[in-house]
Amino acid sequence: MNDNTPHVWSDFNDAEAQSGFNLIPKGAIVPVRMTLKPGGHYDASQGWSDGYPTQSTKTGAVYLAAEFVITGGEHVKRKMWSNIGLYSPKGPTWTQMGRTFVRAALNSARNFLPQDNSPQAAAARRINGFSDLDGLEFVVRVDIEKDDRGDERNAVNMAVEPDHPDYARTRGVPSKLETGASANLAAAQSSVAQSAATVHQAPTPQRAPVSGKPAWAQ
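> How do you make sense of the side chain of Asn 107 when you look at a structure like this?
Position of Asn 107 among the secondary structure elements: in helix 1 (residues 93-110). Engagement of the side chain of Asn 107 in a polar contact is seen with the side chain of Arg 125, the distance being 2.8 Å. With residues up to four places along the chain from it excluded, the contact list for Asn 107 reads Phe 112, Leu 113, Pro 114, Arg 125, Glu 161, Pro 162 and Tyr 167.

Now the structure itself:
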């Protein structure tokens, strides 16, 4: 090493100052890429054969350890972490919450409305394994919760689906809400037009024949 080379690992006065991160506001809508940390738990009876699930040594609960990296907007590259529930010895609630989140994440990633029950939407909500979720890109709502030390941190508990007003803008896709509204308007206009046509085509009531006597004398 040249004697004139700065000793970067012994003098840190010229190192850049550390910059802290403020919490992302609760309720912020952001696009993310989700990655899963393999936990090495297997259970053939559940179809968990890819090693992604993690089992807690304290509670026995099983979950997917997920990291969410924000891919756009003012908070780009920020990271958040949350667990997606798979199983809890305490009851089915943990499992139901996890399944609900994954369903919404798939709707968000593949742009299907939650009320869409078409064959295409049904296929979009199926996966071959947890590896299909690793790298999934979708939209989430930022939450704030306390960690094990009692400190506040950002977390992800809800995926934002295409029926949310901010979904299309966040993902940069056409809004399905506007498409649905246009379709409903067109259907309503068509119904009104048909009703008007029916009224227009209705036969004009025939007047009673006029007799030679005035009405009071008939």
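> What am I meant to see in the nonpolar core here?
When a protein is soluble and globular, its nonpolar side chains tend to lie buried together. Counting residues in each nonpolar core, the largest one holds 30 residues, and the members touching the most others are Met 34, Phe 68, Met 80, Phe 101, Leu 133 and Phe 138. When residues of this core are traced back to their parent elements, those giving at least two are strand 1 (29-37), strand 3 (62-70), strand 4 (79-87), helix 1, strand 5 (137-146) and strand 6 (152-159). Per-element accounting of this core gives the leading share, six residues, to helix 1. Here Leu 133 is in contact with Met 34, Leu 36, Leu 64, Val 102, Leu 106 and Ile 127, once residues within four sequence places are set aside.

> Looking at this structure, how should I read the packing of aromatic side chains?
How two aromatic rings sit relative to each other is set out by the distance from centre to centre and by the angle between their planes. Within this structure, the stated rule accounts for four aromatic pairs. Look at Phe 68 and Phe 101: their rings are 6.3 Å apart centre to centre, the planes differ by 85 degrees, and that puts the pair in the edge-to-face class. Of the two residues, Phe 68 is situated in strand 3 and Phe 101 in helix 1; the sequence distance between them amounts to 33 residues. A centroid spacing of 6.4 Å and a plane angle of 85 degrees characterise the contact between Phe 68 and Phe 138, whose relative ring orientation is edge-to-face. In this pair, Phe 68 sits in strand 3 while Phe 138 sits in strand 5, placing the two residues 70 residues apart along the sequence. The two residues Phe 68 and Phe 138 agree in class, both being buried. By way of ring pairs, the aromatic residues Phe 68, Phe 101 and Phe 138 are connected into one cluster.

Rules behind the numbers
Residues numbered from 1 in each chain as written. Predicted model: local features only at pLDDT ≥ 70, side-chain atom pairs only at ≥ 80, totals over all residues. Heavy atoms only, no water. Helix = DSSP H or I, 4+ residues; strand = E, 2+ residues; numbered from the N terminus. Polar contact = N/O pair within 3.5 Å; in protein donor to acceptor, adjacent residues only side chain to side chain. Contact = heavy atoms within 4.5 Å. Core = buried A, V, L, I, M, F, W, Y, C linked by side-chain atoms within 4.5 Å. Buried < 20%, exposed > 50% of the residue type's maximum accessible area, 1.4 Å probe, protein only. Phe/Tyr/Trp six-rings, centres within 6.5 Å; stacked < 30°, edge-to-face > 60°.

The analysis is restricted to geometry; functional conclusions fall outside its scope.
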